[in-house]
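Structural overview
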Amino acid sequence: MAERTYGVTPPLSLSLPTEAEKRSNDLLLKELRAQGTFESAAETAKREEVLKKLGEIADAFVKKAAVDKKQPSVVVREARGRIFTYGSYRLGVYGPGSDIDTLVVAPKYVTVEQYFKFFPDLLLEMAPPGSITDLTPVPDAFVPIIKFEFAGISIDLIFCSIQSMVQLPVDKDWSLADNNLLRGLSENEVRSLNGTRVTDEILHLVPEPATFRLALRAIKLWAQRRAIYANIMGYPGGVAWAMMVARVCQLYPKAASSVVVRGFFTIMRQWPWPLPVLLKDIEYSSSVARVAVWNPKMYPADRNHRMPIITPAYPSMCATHNVGKSSMAVIQKEFELAKNLTEEILLGKRPWKDLFAKHTFFTKDFKYYLTVISASKTREAQNTWAGFIESRVRVLVQRIENHPSIGLARPFNKSYERVHRCKNDAQVEEVQSGGLAYLVTETSEDTNGAVKPEVKPEVKSETDSNAHAARIKSELTEEPRLDSIPPMKDEDGEAKIKLEDVSEAGHETTIYTTNHYIGLQVAVGAKSLDLSREVDDWKAMCLGNPLYDAHMNSLTIQHVRDIALPDDVFEPGEVKPIKPVKKKRVAEEQADSKKRVADELADNTRIKRQQTTAAPA
């Protein structure tokens, strides 16, 4: 019987692992364990119990929805829901603290309105007392979702009803692989269902799942440490990294995970983008779903994808449509560095831990940064406002990176959430402009929910207060200089939260902020830099959204130098940049030092002469 061929091209090698490659593979596994990427058996068992309980709640939910819809008694009696997972948990590459991406599937008569009406209450009723925390339904999301923690495990729960089914099968092995299940579904419903379908297809299309999982754990850890893991910020997300690793596994079907990791960086660095990464041929013949299949020959938007990685389940989509010019350049540079590293590691010249070294985004990569500061007067309002702003940071990056004077605009892949206590409008405005003088810790909240100020050393503001007056506009001479961007006013004349909006006179108020950082590199030969138009247009777009409430939210963009970055972006052991000493000042200090030494020598010589003259004959 002929061996199965995986992928759209023949394999590059069918070689079995050598003894040296096996030893390297063992060292990789040992390092990944040392890095804490595996959780204990007890933690995994806890996840399984949580999913089992969610399955019971899903059944109760569907029965309640059936009664609410006045379905026949036989339908109510046989009503059941199903829980599916997707993402890292279903792929088998989850670790300590990982969330579980979860999908509730229901029959056709169950609606999304019922999902948000009944499911949150059933969670609280049926789960063990106190086990459900941070319950946050988000019905207005493109893919409606309920977020919560169940026994300390973070759950993202989405929903889909199958329009072709009045009852779900009893068979526990029933899957979502059949394309006909997509009939009658809207685009967001197809996306909900396809999370699981894509994950299952990836596992079906790799030669050795165990080899794939170990290699993927290594690539995920590397991408996270290098700060290039976040779909929303313009980098590949978890499913995209998984598909790239799966493609390399197809090309080396019998290789050890260590060889797959090395091959991953070699192949992806040399990949002729925008040629798409495909795990199988795209299905164009099926017309079950209402969602368009990725097709660059037909759709101009698809032709603009710089780094297309295409999902294998119908309807195929590009998982990396967010990757822009700057993030692509950063990813390519990281591929090159990792390729050279893994070659030395496989030769035994370096340890695997060198591959997982942390990024230097804040410590040395950039001299200039923009920080996007969203703020709100309540935690709930900030969750919504900050989430919206986060989804738009990528748009700001795209506008900035197209400026002729910008060589690179790299967003950091994570945000920084902070809590502040203010006593007057001046303090509120300072916080909204990046000030950290009134920072507190959420762990210092008392039992009544009030926030107690944290005793902290003095923290500098992210921006020099004297730089507030000017826009990002300057003439670039020997060294480019960026000034801050003044806050933009709304139609009513003010885009700031007033203290009277948040508390009674004489009382302190809490302001919640979320900061996103964008590292800037000025283009070689740039003579001037003015980002005010790009920033103002983007800010107007955000403040024009219905989610913006002038009395509740604010948005500020500020310039910050590397030497003025706040302390909390640096981890223990990292060295914060310091202001360099100018060469002229160093020369002057050296000259002064030489003069002092010369003066001291002259004084000593004069004293000795005087002593000699005064000596008796």
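Residues numbered from 1 in each chain as written. Predicted model: local features only at pLDDT ≥ 70, side-chain atom pairs only at ≥ 80, totals over all residues. Heavy atoms only, no water.

In the annotation of an unreviewed UniProt entry, the protein chain is listed under the name Poly(A) polymerase and assigned to Rhypophila decipiens. In the Subcellular location (unreviewed entry) part of its UniProt record, the protein chain is described as follows: "Nucleus". (UniProt positions renumbered as here; feature names shortened; annotations may be inferred.)

On to the packing of helix α2 (residues 41-68) against helix α5 (residues 112-126), then. Put simply, α2 and α5 touch, their axes get as near as 9 Å, and they point 135 degrees apart. Here α2 is positioned oblique relative to α5, judged by the angle of their axes. Crossing hand, α2 versus α5: right-handed. Across from K53, L54, E56, I57, A58, A60, F61, K64, A65 and D68 in α2, the residues of α5 making contact are Q114, Y115, K117, F118, F119, L122, L123 and M126. Taken together, the residues of the contact of α2 with α5 sort by class into 12 nonpolar, one polar and five charged. (Axes fitted to C-alpha atoms, helices over the stretch in contact; angles between N-to-C directions. Helix = DSSP H or I, 4+ residues; strand = E, 2+ residues; numbered from the N terminus. Parallel < 35°, antiparallel > 145°, perpendicular 65-115°, else oblique. Left-handed = near helix turned anticlockwise from the far one by under 90°. Contact = heavy atoms within 4.5 Å. Nonpolar A, V, L, I, M, F, W, Y, C, P; charged D, E, K, R; others polar.)

Feature annotation in UniProt assigns "binding site: ATP" (unreviewed entry) to the following positions: D99, I100, D101, D156, K220, Y229, G238 and V239. Relative to the helices and strands, I100 is located in strand β2 (residues 100-106). Other than its neighbours up to four places away in sequence, I100 contacts R47, L51, T85, Y89, I153, S154, I155 and D156. Examined against the element boundaries, D156 turns out to sit in strand β5 (residues 153-161).

A few words on the UniProt feature "binding site: Mg(2+) 2" (unreviewed entry) in the protein chain. Under the present numbering, the feature "binding site: Mg(2+) 2" (unreviewed entry) in UniProt falls on D99, D101 and D156. The largest pairwise C-alpha distance within this set of annotated residues, which runs over 58 residues, is 7.4 Å, so the set is compact in three dimensions. As for its placement among the helices and strands, D101 is situated in strand β2. Among all residues touching D101, those that are not within four sequence positions of it are F84, T85, Y86, G87 and D156. According to the relative accessible area criterion, D156 is buried, its value standing at 13%. Once you skip the residues sitting within four places of it in the chain, D156 turns out to touch D99, I100, D101, T102, I145, I146 and K147. (Buried < 20%, exposed > 50% of the residue type's maximum accessible area, 1.4 Å probe, protein only.)

Below, the discussion takes up the sheet that holds strand β3 (residues 132-138). If you trace the five strands from one edge of the open sheet to the other, you get β1-β2-β5-β4-β3, paired in mixed fashion. At either end of the open sheet lies a strand with only one pairing partner, and these are β1 (82-86) and β3. Neighbouring strand axes in the sheet, compared pairwise and without regard to direction, differ in orientation by 25 degrees on average. As judged from the six bridges shared by strand β4 (residues 145-150) and β5, these two strands associate in the antiparallel manner. Bridged to K147 within β5 is D156. (Pairing = 2+ DSSP bridges.)

Of all hydrophobic cores here, the largest spans 98 residues; its most connected members are F212, W222, W241, F264 and F362. Take this core: its biggest share by element is 10 residues, from helix α8 (residues 238-251). Once you skip the residues sitting within four places of it in the chain, F212 turns out to touch L91, I202, L203, V206, A242, V245, A246 and C249. (Core = buried A, V, L, I, M, F, W, Y, C linked by side-chain atoms within 4.5 Å.)

Turning our eyes to something else, we now look at unusual backbone geometry. Residue W273 is joined to P274 through a cis peptide bond whose omega torsion reads 10 degrees. Take P274: it is sitting in the loop between α9 (257-270) and α10 (300-303). Looking along the chain, the bond that leaves Y314 and enters P315 is cis, with omega of -5 degrees. The backbone of A227 sits at a positive phi, close to 60 degrees, despite the residue not being glycine.

The next subject is the side chain of N413. Secondary-structure assignment places N413 in the loop between β7 (406-411) and β8 (416-422). For N413, a relative accessible area of 8% translates into the label buried. Apart from residues no more than four positions distant in its own chain, N413 is found in contact with A227, I228, Y229, A230, M233 and Y235.

A separate point is the packing of aromatic side chains. Evaluated as defined, the whole model comprises 31 aromatic pairs. Seen in terms of ring centroids, W385 and Y548 are 5.4 Å apart; in terms of plane orientation they differ by 40 degrees. Their pairing is tilted. Here W385, found in helix α13 (residues 379-401), pairs with Y548, found in the loop between α16 (532-543) and β13 (553-561); they are 163 residues apart in sequence, far enough to count as distant. Across the pair, Y548 and W385 agree in class, each one buried. Among the aromatic residues, those joined into a ring-pair cluster are F361, F362, F366, Y369, F412, Y416, Y517 and F570. R33 extends its terminal NZ or CZ atom over the ring of F38, reaching a point 4.5 Å from the ring centre. Its guanidinium or amino end placed over the ring of F38, R217 lies 4.1 Å from that ring's centre, counting from NZ or CZ. (Phe/Tyr/Trp six-rings, centres within 6.5 Å; stacked < 30°, edge-to-face > 60°. Lys NZ or Arg CZ within 6 Å of the ring centre and 35° of its normal.)

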